[in-house]
Amino acid sequence: MRHPTRMVSLLLLLVLLLLGGIIALPLIPEASADADRGDWAARIAEMDRALARGETAAVTEAWREAYVAAHVSRGWPGMLAVGDAALRAGRATETPDVFEPRARRAYRTALLRAQRQASSDGVLAAGEAFGRLGDRDAERLAKAEAAKLSRRAEDAARRRARAF
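Residues numbered from 1 in each chain as written. Predicted model: local features only at pLDDT ≥ 70, side-chain atom pairs only at ≥ 80, totals over all residues. Heavy atoms only, no water.

Student: Go over the overall build of the protein chain with me, naming the residues and quoting the values.
Tutor: For the protein chain, the count of helices and strands is seven helices and zero strands. In sequence order, the secondary structure elements of the protein chain are arranged as α-α-α-α-α-α-α. Expressed as a percentage of the 164 residues in the protein chain, the buried residues total 34%. Within the protein chain, contacts between residues separated by at least 24 positions form 57% of all contacts whose residues are at least 6 apart in sequence. By element, 60% of the accessible surface of the protein chain is carried by carbon and sulfur atoms, the whole surface being about 11000 Å². (Helix = DSSP H or I, 4+ residues; strand = E, 2+ residues; numbered from the N terminus. Buried < 20%, exposed > 50% of the residue type's maximum accessible area, 1.4 Å probe, protein only. Contact = heavy atoms within 4.5 Å. Areas by Shrake-Rupley, 256 points an atom, 1.4 Å probe, with all protein chains shown as cover.)

Put into structure tokens, the structure is as follows:
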């Protein structure tokens, strides 16, 4: 006799959870690329304002927030912008030994994302960023990868045109 009661209770709990999910779903905000871009871009702007005021702690905090926002965005442009911001912060605060590794990490993430998205522009931009760090090997490899991605895109476009 206990077993059917337990089964009914579990079924009722499952229905309540399902209804709660249906009610809560419309309340979850939609993610958009523009919102993501605005978030990391706004944080970089905050960092630049802190740089202008000479507030080193605020620079570091704003850069960290920009990094997190760019990381969450899943795109390569934000990571490149955060890497560039790290280099600016390092120069302005005279702490390149702190900020250059951060820039390198952001550029590496941007490169990997651009490769995953088959973006020759993104791979090329990341390669140029590595060049600004003085990493000629990474720059050269990224340029070769960008050329390869461009050839693949052109080949795919030709195949689509022939099939049309």
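Student: Please give an account of the nonpolar core that cites residues and values.
Tutor: By size, the foremost hydrophobic cluster in this structure holds 38 residues, and its most contacted members are W63, L80, V82 and Y107. Secondary-structure elements contributing two or more residues to this core are helix 2 (33–53), helix 3 (56–73), helix 4 (76–92), helix 5 (96–116), helix 6 (120–132) and helix 7 (136–163). Contacts of W63, omitting those with residues within four sequence positions, involve M47, V82, A85, A86, F99, R102 and R105. (Core = buried A, V, L, I, M, F, W, Y, C linked by side-chain atoms within 4.5 Å.)

Student: How would you explain the packing of helix 5 against helix 6 if you had to name every residue and give the values?
Tutor: Helices that pack against each other are described as a pair by the angle of their axes relative to one another and the distance between those axes. Put simply, helix 5 and helix 6 touch, their axes get as near as 8 Å, and they point 160 degrees apart. Here helix 5 is positioned roughly antiparallel relative to helix 6, judged by the angle of their axes. Between helix 5 and helix 6 lies a crossing whose hand is left-handed. Along the contact surface, helix 5 presents R104, Y107, R108, L111, A114 and Q115, while helix 6 presents G122, V123, A126, A129, F130 and R132. When the residues that make up the contact of helix 5 with helix 6 are grouped by side-chain class, the tally is seven nonpolar, two polar and three charged. (Axes fitted to C-alpha atoms, helices over the stretch in contact; angles between N-to-C directions. Parallel < 35°, antiparallel > 145°, perpendicular 65-115°, else oblique. Left-handed = near helix turned anticlockwise from the far one by under 90°. Nonpolar A, V, L, I, M, F, W, Y, C, P; charged D, E, K, R; others polar.)

Student: Give a detailed account of the pattern of salt bridges, specifying residues and quantitative values.
Tutor: Considering all chains together, one arrives at 12 salt bridges under this definition. Here E139 makes a salt bridge to K143, at a shortest N to O gap of 3.7 Å. One end of the pair, E139, and the other, K143, are both in helix 7, four residues apart, so they sit about a helical turn from each other. Classification of E139 as buried rests on a relative accessible area of 15%. (Salt bridge = Lys/Arg side-chain N within 4 Å of Asp/Glu carboxyl O.)

Student: Which residues make up the side chain of R113, and what values do they have?
Tutor: Examined against the element boundaries, R113 turns out to sit in helix 5. Residue R113 is classed as buried on the basis of its relative accessible area, which comes to 4%. Separated by 2.9 Å, the side chain of R113 and the backbone oxygen of G75 make a polar contact. Once residues within four sequence positions are removed from consideration, R113 is found in contact with A70, H71, S73, R74, G75, W76 and M79. (Polar contact = N/O pair within 3.5 Å; in protein donor to acceptor, adjacent residues only side chain to side chain.)

The analysis is restricted to geometry; functional conclusions fall outside its scope.
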